[in-house]
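Listed below are the residues making up each chain.
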Amino acid sequence: MGDLVWGTTGWEEYSLIQNPEKLFKIHHTDVPLSHYTGILGMPGINAYDGIYEVGSLKKGECVFISTASGAVGQLAGQFAKLLGCYVVGSAGSQEKVDLIKNKLGFDDAFNYKEEPDLDAALKRYFPEGIDFYFEQVGGKMLDAVLLNMKVYGRMVMCGIISQYNLSRPEALKNLMHIIIKRLSIKGFTHRDQHYLYPKLLETVLPYIREKKIVYVEDIVEGLENGPAALVGLFTCRNFGKQVVALAHE
């Protein structure tokens, strides 16, 4: 067998790679190969960058993670916990809330679909305010978070999934709080951060081997099930990183 690699290709069983410099060679095979689609791939880079590099979290800070059971959020929250932060996550079902609290080790979590008032919900979990927000949702959640950020709070943004399929994005009402609270907001993308990959491996591989981090994957079989799995991402059907398996060793 030849080398194993991970990277971006098409939705296909076989790929002709014409730009191999954009692929990463897999050197560590003592962890599940599927991890290279998640914790050791693009989602891992996003979570690592958002928490350790862009976010520069400090021990004791109050951290909120939206989409906390997803591919990136589950890692961002666990990284924050390992740094000694108080971490709360949101998700779209009670099963995911239980997963976040009981398996991922967050301090607490809530089902945003059962909260008639997101502002009030955040005040319950962050009575003194939020130091750091890892943003992946946008819309009403972002608006509520702006009301609950501390002065000089920090926010990193790598997604706004609630807005992707809307013909007209929702307007934000609480933007004045960015000024009033002197908030720092930074958008980022993994496309700029692949240089961090060696640092990600150095940090995360020991955590995986020592079982200090868990990574939840939702695996469906066969390319024919790929479209339904993709749609499921936007209706909260998946648990953790959504993976479509084409073949097994």
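Notes on the structure in this doc start here.

Looking at the nonpolar core
Core analysis: the biggest nonpolar cluster contains 45 residues, and I39, L40, V63, I65, F79, F134 and Y197 have the highest contact counts within it. Every element with two or more residues in this core is listed here: α1 (42-54), β3 (62-65), α2 (73-82), β4 (86-91), α3 (94-102), β6 (130-135) and α7 (197-209). Here this core gets seven residues from one element, more than from any other, and that element is α7. The contacts of F134, once residues within four sequence positions are left out, are N46, A47, G50, I51, F64, I65, S66, V72, A76, V156, C158 and F188. In terms of nonpolar packing, the next biggest core, distinct from the first, is built from 20 residues, F126, I130, L142 and V145 among them.

Notes on the packing of α1 against α2
The relative placement of two packed helices comes down to the angle between their axes together with the axis-to-axis distance. Put simply, α1 and α2 touch, their axes get as near as 9 Å, and they point 40° apart. The orientation of α1 with respect to α2, classified from their angle, is oblique. Seen along the crossing, α1 lies across α2 with a hand that is right-handed. Here P43, G44, A47, Y48, I51 and Y52 of α1 lie close against α2, whose contacting residues are L75, A76, F79 and A80. Per-class residue counts for the contact of α1 with α2 are nine nonpolar, one polar and no charged.

Side note on the side chain of N111
Along the polypeptide, N111 turns up in strand β5 (residues 108-111). When its relative accessible area of 7% is taken as the criterion, N111 is described as buried. Engagement of the side chain of N111 in a polar contact is seen with the backbone nitrogen of K113, the distance being 2.9 Å. Apart from the residues lying within four places of it in its own chain, the contact partners of N111 are A91, G92, S93, Q94 and V97.

Brief notes about α1
In α1, a bend of some 25° at Y48 exceeds every other bend along the element. Buried within α1 we find P43, G44, I45, N46, A47, Y48, D49, G50 and I51. As for α1, its buried residues are in contact with β1 (5-6), α2, β6, β7 (149-157), α7 and β10 (241-245). Of the residues one or two after α1, S56 is the one with positive phi, at around 50°.

Observations concerning the sheet that holds β7
Taken together, the six strands give an open sheet; going across it, the order is β5-β4-β3-β6-β7-β8, and neighbouring strands pair in parallel fashion. Across the chains shown, the open sheet's two edge strands, defined by having one partner strand only, are β5 and β8 (184-187). Sheet twist, expressed as the mean angle between neighbouring strand axes with direction ignored, is 15°. When β4 meets β5, the two strands line up parallel, connected through four bridges. Residue pairing across strands places A91 opposite N111, the latter belonging to β5. Sitting on the sheet, α2 touches β3, β4 and β6, and the angle it makes with β3 is about 170°. This element, helix α5 (residues 139-148), spans β3, β4, β5, β6 and β7 of the sheet and lies at about 150° to β7.

Side note on α7
Taking 1.5 Å as the rise per residue, α7 with 13 residues should run 18 Å; its terminal C-alpha atoms sit 18 Å apart, in good agreement. Within the sequence span of α7, burial applies to Y197, L200, L201, V204, L205, Y207 and I208. Here the buried face of α7 lies against β1, β2 (24-25), α1 and α2. Looking one or two residues beyond α7, the residue adopting positive phi is K211, at roughly 60°.

Notes on the pairing of β7
Pairing geometry for β6 and β7, over five bridges, is parallel. Each residue of the ladder has a partner; that of Y133, found in β7, is M155. Taken together, β6, α5 and β7 constitute a β-α-β crossover, and its handedness is right-handed. Relative to β8, β7 is paired through four bridges, and the arrangement is parallel. Directly across from M157, in β8, lies its bridge partner G187.

Parameters at a glance
- Residues numbered from 1 in each chain as written.
- Predicted model: local features only at pLDDT ≥ 70, side-chain atom pairs only at ≥ 80, totals over all residues.
- Heavy atoms only, no water.
- Core = buried A, V, L, I, M, F, W, Y, C linked by side-chain atoms within 4.5 Å.
- Buried < 20%, exposed > 50% of the residue type's maximum accessible area, 1.4 Å probe, protein only.
- Helix = DSSP H or I, 4+ residues; strand = E, 2+ residues; numbered from the N terminus.
- Contact = heavy atoms within 4.5 Å.
- Axes fitted to C-alpha atoms, helices over the stretch in contact; angles between N-to-C directions.
- Parallel < 35°, antiparallel > 145°, perpendicular 65-115°, else oblique.
- Left-handed = near helix turned anticlockwise from the far one by under 90°.
- Nonpolar A, V, L, I, M, F, W, Y, C, P; charged D, E, K, R; others polar.
- Polar contact = N/O pair within 3.5 Å; in protein donor to acceptor, adjacent residues only side chain to side chain.
- Bend = angle between axes of the 7 residues up to and from the residue.
- Pairing = 2+ DSSP bridges.
- Expected span 1.5 Å × (residues − 1).
- Right-handed = clockwise from strand over helix to strand, strands pointing away.

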